[in-house]
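Understanding the architecture of this molecule
Residues per chain are reported as follows:
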Amino acid sequence: MISIWHSGKFWLKLCFMSLIIGLFVLLFRQFGIPYFLSIPRIETALQRAFEDTQRRVSFGKNFEYSLLPRPTVVLHQVRLSAPGKPMQTDISIDTMRIGFAWQSLLGFTKIEKWQWNGISADLYQLPNQQWSTTDLFHLWKKNEQTIAINRLQLRDLQLNIHDLTGQWHHFTHINLNTRALSENSTSFSVNGSWATANLPPIQWEITGESQQGTPRQWNNIHLLFDADLPYFGKGQGSIRLNGQWQKDQNSLQSNNIQWQWISNNHQFSAEGTGKNWQLGLSHLQLEQANALATTKMNDEKVNVNFVLNKLTKQAQNWHLAHFQVDNSWQNQENKPLLTINGDDFFSDSQQWELEQLHISSYQPASASTPYRRWDSKLNGKVTGRGLQSVQANLSGSFDESPVQLQATWLNVSDSNQHPQLSGSLKLNRLSLHPYWQTQEANNQIPRWQENWRTWLGDAQLNWQFDIGQVSSPKLQIESITGHINATSNYFLVDSVQAKLYEGTSNARLEVSNRTPLQWHLQQDLKHIQIQPWLQDQLDFHHLSGIGEVSLQVSSQGNNQAEWLQHLKGNALLQVQHGSWRGLDINNILNQNKGNTSIAFADTSNTEFKQLIIRLPVENGISKDSTTQLTSDNFLVTGQGEINWPTRAIDYHLQIETEKNQQQNRLPLIISGNLDHPNFRLDFQKLTHGLNTPQEKQDSIIQTLKRQWQWLNQGNRPASSPETQP
């Protein structure tokens with residue numbers, strides 16, 4: 001038998017069949033493809049396909065086609081008009097490549113690969129509330145059984161979405177890949193960028209599967225996104241869900257959603273779940289959503305637990321039945337807690353309203369803070385217009401004292417004005433005792449300044465306050481009112497009026513947020529008890545009486561020691577009908593034995609009618625301080641220096657008594673520590689011009705005796721000692 005490979009007839013038949021097939025392919029490519037894929041034929045077919053939508057389809061004349069690896073048509077500059085508006089383009093495509101399966105030549109149209117490049121599309125709402133692509137979806141459903149698509153690819157899609165209220169969404173650089181689009185189960189991946197009002201651009205990517213059915217199923221949906229969000233910083237997030245497409249509502253319904261967000265900014269991370277969510281372009285319904293977030297700021301760890309119940313959105317109308325936010329801050333010493341919850345939140349395109357807002361906070365006692373602090377309970381109503389205008393009216397208690405709070409936030413983006421937070425605070429009682437110990441133990445001013453700049457930013461504060469009573473370890477104030485104005489660079493408290501030390505005060509304090517901190521104080525106190533004021537302000541205990549004080553002082557630094565070191569300005573102290581404890585001038589004049597040293601004694605005192613002290617200060621030192629003390633029987637004048645940081649005093653006094661228009665003067669020196677100074681006679685002045693020690697001793701004795709005799713003319717002072725035998 002002859003082998004087939006050696007058979008001449010076989011090779012003759014093979015060559016003949018190859019020639020016939022090649023000739024057929026050549027003729028089909030030359031005449032068949034131009035016939036089936038001719039521009040008029042394709043254009044007619046497309047116009048017929050879209051005639052029910054009243055849209056017009058056009059494309060460029062540079063038509064391309066190829067046969068291998070599959071029959072492929074390449075269209076350029078494809079345009080799809082708006083319904084009934086041939087001059088308005090809804091969709092434009094730079095290049096559309098349609099690769100048909102070979103069986104399409106037998107009648108049933110199957111697209112193996114459909115690729116769109118350089119797409120620009122507009123999606124908008126019509127006056128009847130429907131979207132502009134509704135007719136295209138109906139057209140697709142109508143022809144779904146006659147056209148099969150395996151792979152659909154979109155490259156560089158720009159999609160603009162607008163609704164009737166003016167809201168817009170701008171999607172750019174969208175790339176879509178799908179497989180088995182006409183099969184029961186379709187896998188897809190899509191990525192791009194999304195921008196909308198009041199949010200930075202967000203990069204996103206979605207993968208998942210779509211399964212045909214009624215309703216259509218969406219399984220294993222995984223959304224990844226990157227964004228640089230306000231307050232949260234740059235980070236990455238993800239959302240996982242399974243859902244069903246609700247055809248009648250054009251929305252995706254999911255019974256279980258999981259999401260998370262991670263940011264390097266302050267080590268922020270958040271994760272949460274949701275139940276019974278319905279997501280649509282113009283409506284939203286969330287039965288329940290919760291989240292747990294953690295972040296770290298400096299040495300503080302912040303935990304936030306967030307819960308939403310029954311959130312709905314229809315067009316521009318929002319409603320939230322209930323929400324609750326639980327916050328806790330934790331550092332090495334403290335753990336304050338804050339809870340915010342509310343009911344019945346309403347919002348439309350113009351304004352929003354929260355009918356019931358509840359705020360509670362407290363900081364439990366700890367080793368460093370043995371008192372419960374920041375104990376507040378506030379209730380009220382909040383309204384606003386977006387974030388440009390917010391008004392709050394709250395009342396309740398702070399540290400078990402009744403409080404009323406009214407606040408207004410204004411942030412007009414199209415004006416040159418800075419955002420402003422203004423309002424009024426009325427509080428019955430404020431106790432600073434629980435907070436004072438922490439501030440004394442820790443120097444928090446540099447950190448406080450940094451937080452001041454961060455929290456205020458470019459905003460301004462403008463507040464009125466009215467506090468019935470303020471108590472602290474160093475100050476007791478009754479009925480204090482005033483005005484606060486602040487930015488990130490300065491803090492001004494003016495028109496401050498208060499009742500304190502049984503008198504009144506009018507003050508103005510300005511603080512500059514520089515490095516180091518700088519401040520300036522103007523204060524006038526009238527008819528006050530001078531002793532407690534000196535004790536609280538200067539830790540000085542030796543003067544008492546009814547006084548008036550005028551202060552014009554400024555300084556800089558981060559603590560009291562630095563403030564005293566850089567203190568400058570002027571102070572005027574006037575005391576009426578008082579006493580000077582520690583010094584008994586009457587007793588000095590009685591001690592006529594010639595001693596030049598005089599002991600300080602807490603039980604001694606000098607009563608006077610008037611005392612005037614002027615204290616100019618430069619770099620914490622009062623170099624030219626002057627004093628004038630007036631009594632019924634004598635006059636004391638003095639001048640000297642007080643070093644406030646070291647509390648050292650070097651003062652020269654002169655005691656003057658007068659009889660029959662003859663004056664007798666006794667010089668006195670005060671030196672040492674301001675708390676327990678040393679007193680001595682000014683020996684040099686008193687014995688000036690005398691030569692021998694005995695002459696000097698006799699002069700001192702005679703001067704003291706003469707002063708004492710003159711002093712005891714008339715009524716004897718209550719503070720004078722008994723007559724020596």
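Structure's up top.
Our next topic: the overall build of the chain. On a plain count of helices and strands, the chain comes out with 10 helices and 37 strands. Within the span of the chain, comprising 725 residues, buried residues form 39% of the whole. Considering only intrachain contacts with a sequence separation of at least 6, the fraction spanning at least 24 residues in the chain is 45%. Carbon and sulfur atoms provide 53% of the accessible area of the chain, an area that totals close to 41,500 Å².

Attention shifts here to helix H6 (residues 530-538). An α-helix turns once every 3.6 residues. As a result, residues three or four positions apart point the same way. Within H6 the residues assigned to the buried category are Ile 530, Trp 533 and Leu 534. Around the axis of H6, the buried residues are gathered within 95 degrees of arc, so they sit on the same side. In the segment just after H6, Asp 539 is the residue with positive phi, at about 55 degrees.

Assignment of secondary structure puts Ser 238 in strand S11 (residues 233-246). Apart from residues no more than four positions distant in its own chain, Ser 238 is found in contact with His 222, Leu 223, Leu 224, Phe 225, Gln 258, Trp 259 and Gln 260.

Grouped together as the largest cluster of nonpolar side chains are 80 residues, with contacts concentrated most on Met 96, Trp 114, Trp 116, Leu 159 and Ile 480. Excluding residues within four positions of it along the chain, Trp 114 makes contact with Met 96, Arg 97, Ile 98, Ile 149, Arg 151, Leu 152 and Gln 153. Core analysis: the next-biggest nonpolar cluster, separate from the first, contains 44 residues, Val 549, Phe 634, Val 636 and Ile 642 among them.

Pairs may arise between side chains of opposite charge once their charged atoms sit close together. The final tally for this structure, using the stated rule, is six salt bridges. Across the pair Glu 353 and Lys 381 runs a salt bridge whose closest N-O atoms are separated by 3.7 Å. One end of the pair, Glu 353, is in strand S18 (residues 352-363); the other, Lys 381, is in strand S19 (residues 373-385), with 28 residues separating them in the sequence. Judged by its relative accessible area of 25%, Glu 353 falls in the partly exposed class. With a relative accessible area of 35%, Lys 381 lands in the partly exposed category. The residue Asp 632 makes a salt bridge to Lys 609 at a minimum N-O spacing of 4.0 Å. Residue Asp 632 is located in the loop between strand S33 (621-630) and strand S34 (635-643), and its partner Lys 609 is located in strand S32 (residues 605-617); the two are separated by 23 residues in the primary sequence. Judged by its relative accessible area of 40%, Lys 609 is partly exposed. One network of salt bridges, in which partners are shared, links Arg 55, Asp 90 and Asp 135.

As a further point, take the packing of aromatic side chains. The geometry of an aromatic ring pair is captured by the separation of the ring centres together with the interplanar angle, meaning the angle of the planes. Considering all chains together, one arrives at nine aromatic pairs under this definition. Here Phe 188 and Trp 218 contribute two aromatic rings whose centre-to-centre distance is 5.5 Å and whose plane-to-plane angle is 80 degrees, an arrangement assigned as edge-to-face. One end of the pair, Phe 188, is in strand S8 (residues 185-196); the other, Trp 218, is in strand S10 (residues 216-229), and 30 residues separate them in sequence. Relative accessible area serves as the criterion here: at 15%, Phe 188 is assigned to the buried category. A relative accessible area of 23% places Trp 218 in the partly exposed class. Residues Phe 225 and Trp 261 carry aromatic rings whose centres are separated by 5.6 Å and whose planes lie at 20 degrees to one another, so their mutual orientation is stacked. Within this pair, whereas Phe 225 is found in strand S10, its partner Trp 261 is found in strand S12 (residues 251-263), the two being separated by 36 residues in sequence. Both residues of the pair, Phe 225 and Trp 261, count as buried. In this structure an aromatic cluster arises from ring pairing among Phe 171, Trp 194 and Trp 204.

On to unusual backbone geometry. Excluding glycine, residues mostly carry a negative phi; peptide bonds, for their part, are mostly trans. The peptide bond linking Thr 515 to Pro 516 adopts the cis configuration, its omega dihedral lying at 0 degrees. The topology assignment puts Pro 516 in the loop between strand S27 (503-512) and strand S28 (518-529). The phi dihedral of Gln 77 is positive, around 55 degrees, even though this residue is not glycine. Positionally, Gln 77 belongs in strand S3 (residues 72-82).

What follows deals with the pairing of S3. Most of S3 is tucked away, with nine of its 11 residues classed as buried. Relative to S3, strand S1 (residues 57-58) is paired through two bridges, and the arrangement is antiparallel. Looking at the pairing, Ser 58 lines up with Arg 79 of S3. In terms of strand pairing, strand S2 (residues 64-66) meets S3 through three bridges, oriented antiparallel. Bridging from a neighbouring strand, Glu 64 pairs with Val 74 of S3. In terms of strand pairing, S3 meets strand S4 (residues 85-100) through 10 bridges, oriented antiparallel.

About the thresholds
Residues numbered from 1 in each chain as written. Predicted model: local features only at pLDDT ≥ 70, side-chain atom pairs only at ≥ 80, totals over all residues. Heavy atoms only, no water. Helix = DSSP H or I, 4+ residues; strand = E, 2+ residues; numbered from the N terminus. Buried < 20%, exposed > 50% of the residue type's maximum accessible area, 1.4 Å probe, protein only. Contact = heavy atoms within 4.5 Å. Areas by Shrake-Rupley, 256 points an atom, 1.4 Å probe, with all protein chains shown as cover. Arc of directions from axis to C-beta. Core = buried A, V, L, I, M, F, W, Y, C linked by side-chain atoms within 4.5 Å. Salt bridge = Lys/Arg side-chain N within 4 Å of Asp/Glu carboxyl O. Phe/Tyr/Trp six-rings, centres within 6.5 Å; stacked < 30°, edge-to-face > 60°. Pairing = 2+ DSSP bridges.

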